Amino acid sequence: MIESEKVRHILYGGDYNPEQWPEESWSEDMQLLKEAGVNIVTLNVFSWASIQPDENTYDFDRLDRIMELVQENGMAVCMATGTGAHPAWMAKKYPEILRTEFGGQRRKFGGRHNSCPNSPVYRTFAKRLAEKLAGHYQDQDNIVSWHISNEFGGECYCENCERAFRQWLKERYGTLDELNRRWYTSFWGHTFYDWEEIVPPDTRSEHIDEKRTMFQGITLDYKRFLSDSMLEAFRLEYEAVKAVIPDARITTNLMGFYPGLDYQKWADHMDFVSVDSYPANEDTYADIAMAHDLMRGLKQGKPFALMEQTPSVTNWLPYNALKRPGVMRLWSHEAMAHGADTVMFFQMKRSLGGCEKHHGAFIDHVGTGQTRVYREATALGAELSALSGQTLGARTPAKIGMLFDWDNWWALTHSAGPSCELDYVQEWKRCYRALREMNYEVDIVSSRDDFSGYRILLAPVWYMVKGQDDEAVRRFVAEGGAFVTGFFSGIVQENDLAVTGGYPGKLRDVLGIWVEECDALPHDAENSFVYQGVRYPARILCDLLHTEGAVQMDDSGYETDFYRGYPVLTKHSYGKGIAYYMATSSSDDFYRKFLEDICQEAGVQPVLRTPSGVEAASRVNQNGSFIWLLNHTEEPQEVCLPWEGLDVLAGSAPVNGTITILPRDVRILLRSAGYSQRSSGFLA
Ligand code: GLA
Ligand code: ZN
């Protein structure tokens with residue numbers, strides 16, 4: 001087992017499925033991959049059926065031959081346990097491993113990520129496979145990490161899950177009385193007298209469709225339960241590998257803003273975070289950065305592994321646009337700029353059949369290195385190798401924390417009212433995007449994290465305030481922090497029951513306001529307000545609030561309707577700090593202006609001021625402070641440097657003054673020394 005300290009370079013490579021190809025082609029693949037600078041392959045991701053042809057046989061011969069070849073070629077391995085798709089024989093013999101869909105339809109064999117997470121049979125077989133693999137490869141010293149299953153996710157509503165849900169509820173609430181109280185079952189005559197009466201919330205029971213439920217508390221708990229169930233399935237395999245290889249570094253590939261799993265909880269059980277990054281066509285560079293920052297935040301700022309991205313094209317979007325020349329490199333650097341210590345891909349070689357035959361790869365169907373994508377991959381491999389690990393382990397010196405929370409996401413998604421246009425992630429994105437586009441560093445934090453290192457804590461639409469979370473905020477502000485939140489916050493507690501005594505509930509004192517009502521504006525309807533002489537729109541929701549110690553910051557209040565003149569922006573001094581409230585959703589221009597003002601007041605500086613479309617992001621380690629400049633536009637851009645630095649990708653040539661960055665080009669500039677301590681990389 002390679003020790004993490006020995007990984008002193010950027011791991012470059014990704015998913016490789018040679019079992020889909022005739023063996024004669026493997027050595028040619030190796031040649032091409034080596035020439036492209038690949039130093040790691042992820043193996044065995046979907047090989048359950050090929051390793052285990054029946055209940056009692058495990059056959060590692062082919063994987064042994066692949067492993068041998070990979071080792072001969074000096075590559076490291078990320079070893080997947082292969083449980084992302086169960087074998088057909090297993091589904092036939094044990095139909096209980098099959099999932100049941102939201103509408104109650106029991107699936108047959110097919111697809112992948114298809115096992116019921118609560119099936120005892122699936123769990124037994126998955127654990128056993130992980131055990132066998134770990135036992136078989138425990139002395140293989142080029143395995144640098146283990147990869148449990150693949151992209152855990154999806155849902156199940158089968159009888160296994162129903163039984164397990166009741167058990168989960170018993171453990172959480174103890175008695176039926178408590179459950180009835182927590183779920184507020186006096187509403188619509190839902191009182192439960194027997195645990196067996198409880199059924200999963202789907203279209204056969206509480207749901208009208210995926211989003212609309214008649215009982216938020218039940219739906220919310222089922223979301224939590226499913227996330228926990230899959231986490232348990234992950235942990236069974238994790239522990240099976242650890243039992244054999246105690247120093248194994250184990251992960252599973254997460255998916256950024258994936259609604260199904262509470263990654264903040266999951267990350268506690270993973271040795272390092274890894275992520276798959278597949279931006280949608282319409283995603284901006286800030287949207288991509290936001291997902292990376294979320295992943296970096298899962299382990300309080302520790303670097304993560306970029307496990308998958310496509311070199312060129314996906315197959316599953318409605319329109320699968322090619323990544324334009326330079327974009328693969330640009331986005332790889334963007335991931336690094338936000339905390340990735342590996343640059344990995346799906347996939348090394350394109351399949352001939354199945355739904356991924358049109359998905360991009362380093363080696364295309366033509367089978368040679370004479371392709372644009374291969375040439376770009378080779379150039380990137382060489383560039384990353386020349387970096388020789390200088391940036392590894394570097395941390396993002398963010399002074400702004402943004403609070404993200406899966407329970408809030410679920411609760412808002414399934415909330416009945418006030419507006420179908422209220423979308424947690426979209427609202428959240430408006431604030432994040434404004435900050436990122438101005439090059440402010442942001443850490444995405446959970447409410448359990450320590451906020452003391454931040455000057456600003458931003459919590460857009462903090463609808464559900466759980467447990468003592470308000471205490472942490474009060475402390476943060478009292479000690480001098482700036483807290484920013486806004487409309488539809490502090491409305492419910494952890495079971496989605498409304499707070500009494502006035503909104504925003506437990507945040508009322510620190511914000512110094514009382515929100516009496518909340519108006520939902522129909523699609524395209526707008527109110528407006530003026531802030532520092534400029535008129536901005538008020539959209540989606542308008543809180544009608546009264547100040548209680550806070551002062552109004554906007555010039556006009558709402559400009560129309562019966563609540564004309566009611567404050568939109570407030571500011572409240574609390575202890576040594578300030579708490580801000582934004583009573584409505586507004587435009588990008590507004591967030592840029594308002595958040596920039598708050599940053600200035602809090603003494604928080606951006607990494608650098610750059611022209612629009614040029615991103616600057618920084619990371620600091622014992623080698624100094626690295627500033628990535630990423631030109632996301634199709635024009636050359638000039639950036640004025642207020643300091644002198646070294647151009648790392650240009651042989652560390654000195655740079656200062658105004659520099660030109662070509663379209664889609666990347667610079668990494670190095671300034672002065674950073675931390676004196678060696679910071680540890682993602683595997684440590
Ligand atoms: C996911 C999966 C991969 C592959 C890619 C295709 O990330 O983990 O197995 O299917 O999508 O984009
Ligand atoms: Zn199930």
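Located above this text is the structure these notes cover.
Treat the numbers as computed from the prediction; the structure is a model and nothing was measured.

Caption draft 1: Main features of the overall build of the protein chain. Counting its secondary structure elements, the protein chain contains 17 helices and 25 strands. Its C-alpha radius of gyration of 26 Å places the protein chain within 12% of the 26 Å reference for a compact globule of 684 residues. A principal-axis box enclosing the C-alpha atoms of the protein chain has dimensions of 75 × 75 × 45 Å. In the protein chain, which comprises 684 residues, the share counted as buried stands at 61%. Long-range contacts, defined here as pairs at least 24 residues apart, represent 73% of the contacts in the protein chain between residues at least 6 apart. Total accessible area on the protein chain is roughly 26,300 Å²; 49% of this is exposed by carbon and sulfur atoms. Positive and negative charge centroids in the protein chain, built from 68 and 96 side chains respectively, lie 2 Å apart.

Caption draft 2: Region of the structure containing the site of ligand 1. What surrounds ligand 1 is the set F46, R112, N150, E151, N253, D276, Y278, E308, W316, F346, E356 and H359. Between an oxygen atom of ligand 1 and a side-chain N or O atom of R112, the distance comes to 2.9 Å. Here an oxygen atom of ligand 1 sits 2.4 Å away from a polar atom, N or O, in the side chain of E308. Relative to its free-state accessible area of 310 Å², ligand 1 is covered by the protein chains to the extent of 97%. Spatially, ligand 1 is embedded in the largest pocket. Residue composition of the shell around ligand 1, by class: four nonpolar, three polar and five charged.

Caption draft 3: Fine view of the coordination of the zinc ion (ligand 2). At this site the zinc ion (ligand 2) is bound by C116 (SG), C156 (SG), C158 (SG) and C161 (SG), with donor distances of 2.3 Å. Around the zinc ion (ligand 2) sit four donor atoms; with metal-centred angles ranging over 98 to 121°, the donor geometry is tetrahedral. Donor residues binding the zinc ion (ligand 2) come from one chain and are separated in sequence as C-x39-C-x1-C-x2-C. Residue C116 is found in the loop between α4 (88-93) and α5 (120-137), and its partner C161 is found in helix α6 (residues 159-173); the two are separated by 45 residues along the sequence.

Caption draft 4: A look at the environment of A653. The topology assignment puts A653 in strand β24 (residues 653-661). By relative accessible area, A653 is classed as partly exposed at 30%. Separated by 581 residues in the primary sequence, A653 and E72 have C-alpha atoms spaced 37 Å apart. Setting aside anything within four residues of it in sequence, one finds A653 in contact with G645, L646 and D647.

Caption draft 5: Quick peek at helix α11 (residues 327-337). In terms of residue burial, α11 counts as a mostly covered element, since 11 of its 11 residues are buried. Along α11, the residues classified as buried are V327, M328, R329, L330, W331, S332, H333, E334, A335, M336 and A337. Of the residues trailing α11, G339 is marked for its positive phi of about 120°.

Caption draft 6: Structural detail: unusual backbone geometry. Omega for the bond connecting F346 with Q347 falls within 30 degrees of zero, at 15°, which places this linkage in the cis form. When you line up the elements, Q347 lands in the loop between β9 (340-345) and α12 (372-386). Of note, the bond from Y503 into P504 is cis; its omega dihedral lies within 30 degrees of zero at -5°. With a phi angle near 75°, N44 is a residue other than glycine that sits in the positive phi range.

Caption draft 7: Fine view of the sheet that holds strand β6 (residues 253-254). Reading across the sheet, the nine strands line up as β5-β4-β3-β2-β1-β9-β8-β7-β6 and stay open at both edges, with parallel pairing between neighbours. Single-partner strands in this sheet number two, and they are β5 (250-251) and β6. Together, β1 (11-15) and β9 form the strand contacts of α12, whose direction differs from that of β1 by roughly 140°.

Caption draft 8: Main features of the pairing of strand β15 (residues 527-531). β15 sits mainly inside the fold: five of its five residues count as buried. Burial along β15 is two-sided: N527, F529 and Y531 facing one way and S528 and V530 facing the other are all buried. In terms of strand pairing, β15 meets strand β16 (residues 534-547) through five bridges, oriented antiparallel. By the bridge assignment for β16, S528 is matched with P537.

Caption draft 9: A look at the pattern of salt bridges. Enumeration over the complete set of coordinates arrives at 49 salt bridges. Here E441 and R436 are joined by a salt bridge, their closest N and O atoms 3.4 Å apart. Given the relative accessible area of 9%, E441 is considered buried. Judged by its relative accessible area of 1%, R436 is buried. A single network of salt bridges, built from pairs that share partners, joins R172, D221, R224, D405, D407 and K466.

Caption draft 10: Spotlight on the sheet that holds strand β19 (residues 577-582). Spatially, the seven strands line up as an open sheet ordered β11-β10-β12-β13-β19-β18-β17, and their pairing is mixed. Taken across any chain shown, the strands that pair with only one partner, and hence form the sheet edges, are β11 (442-445) and β17 (551-552). For β17 and strand β18 (residues 569-574), the ladder comprises two bridges, and the chain directions are antiparallel. Residue pairing across strands places V551 opposite K571, the latter belonging to β18. Running at roughly 170° to strand β10 (residues 400-403), helix α14 (residues 424-437) makes contact with β10, β11, β12 (456-459) and β19 of the sheet.

Caption draft 11: Inspection of the packing of aromatic side chains at higher detail. What the rule picks out here adds up to 46 aromatic pairs. Relative to F404, the ring of F257 has its centre 5.1 Å away and its plane inclined at 90°; by these criteria the two rings are edge-to-face. Note that F257 is positioned in the loop between β6 and α9 (263-266) and F404 in the loop between β10 and α13 (406-413), a separation of 147 residues in sequence. Taking 5.1 Å as the distance between ring centres and 85° as the angle between the ring planes, the aromatic pair formed by F562 and Y563 counts as edge-to-face. For Y563, a relative accessible area of 0% corresponds to the buried category.

Caption draft 12: Here's a closer look at the packing of α5 against helix α8 (residues 216-244). Running from N to C, α5 and α8 cross one another at 30°; their axes reach a closest spacing of 8 Å. In this view, α5 runs roughly parallel relative to α8, as classed from their interaxial angle. Relative to α8, the crossing made by α5 is right-handed. Across the interface between the two elements, Y122, R123, A126, K127, A130, E131, A134 and G135 of α5 pack against S229, E232, A233, L236, E237, A240, V241 and V244 of α8.

Caption draft 13: Spotlight on empty space enclosed by the protein. Inspection of every chain in the model, using the stated rule, returns eight cavities of 30 Å³ or more. Put simply, the largest cavity is a space of about 120 Å³. Along the wall of the largest cavity there are 16 residues; nearest its centre are R99, H113, Y122, S149 and F152. Within this model, the second largest cavity holds a volume of roughly 60 Å³. Contributing to the lining of the second largest cavity are E427, C431, P460, V461, G486, F487, M582, T584 and Y591.

Caption draft 14: Region of interest: the pairing of strand β23 (residues 637-647). As judged from the eight bridges shared by β23 and β24, these two strands associate in the antiparallel manner. Bridge pairing in β24 links Q637 to I661. From the end of β23 to the start of β24, which pair antiparallel, there are five residues, and G651 there has a positive phi angle of about 65°. Taken together, the two bridges between β23 and strand β25 (residues 666-671) define a ladder with antiparallel strand orientation. The residue of β25 that forms the bridge with D647 is L669.

What counts as what
Residues numbered from 1 in each chain as written. Chains lettered and ligands numbered in written order. Predicted model: local features only at pLDDT ≥ 70, side-chain atom pairs only at ≥ 80, totals over all residues. Heavy atoms only, no water. Helix = DSSP H or I, 4+ residues; strand = E, 2+ residues; numbered from the N terminus. Rg over C-alpha atoms; globule rule 2.2 N^0.38 Å. Buried < 20%, exposed > 50% of the residue type's maximum accessible area, 1.4 Å probe, protein only. Contact = heavy atoms within 4.5 Å. Areas by Shrake-Rupley, 256 points an atom, 1.4 Å probe, with all protein chains shown as cover. Lys, Arg positive; Asp, Glu negative; His and termini not counted. Charge placed at Lys NZ, Arg CZ, Asp CG, Glu CD. Near = heavy atom within 4 Å. Polar contact = N/O pair within 3.5 Å; in protein donor to acceptor, adjacent residues only side chain to side chain. 1 Å grid on protein atoms, 1.4 Å probe; cavity = no way out; pocket = protein on both sides within 12 Å on 5 of 7 lines; lining within 4 Å. Sits in = over half its atoms within 2 Å of the grid points. Nonpolar A, V, L, I, M, F, W, Y, C, P; charged D, E, K, R; others polar. Donors = N, O, S within 2.8 Å, 3.2 Å for Na, K, Ca; no water. Tetrahedral: all angles 85-135°; square planar, octahedral: opposite > 155°, others 65-115°. Pairing = 2+ DSSP bridges. Axes fitted to C-alpha atoms, helices over the stretch in contact; angles between N-to-C directions. Salt bridge = Lys/Arg side-chain N within 4 Å of Asp/Glu carboxyl O. Phe/Tyr/Trp six-rings, centres within 6.5 Å; stacked < 30°, edge-to-face > 60°. Parallel < 35°, antiparallel > 145°, perpendicular 65-115°, else oblique. Left-handed = near helix turned anticlockwise from the far one by under 90°. Points joined across faces, edges and corners; volume = space filled by probe spheres on them.

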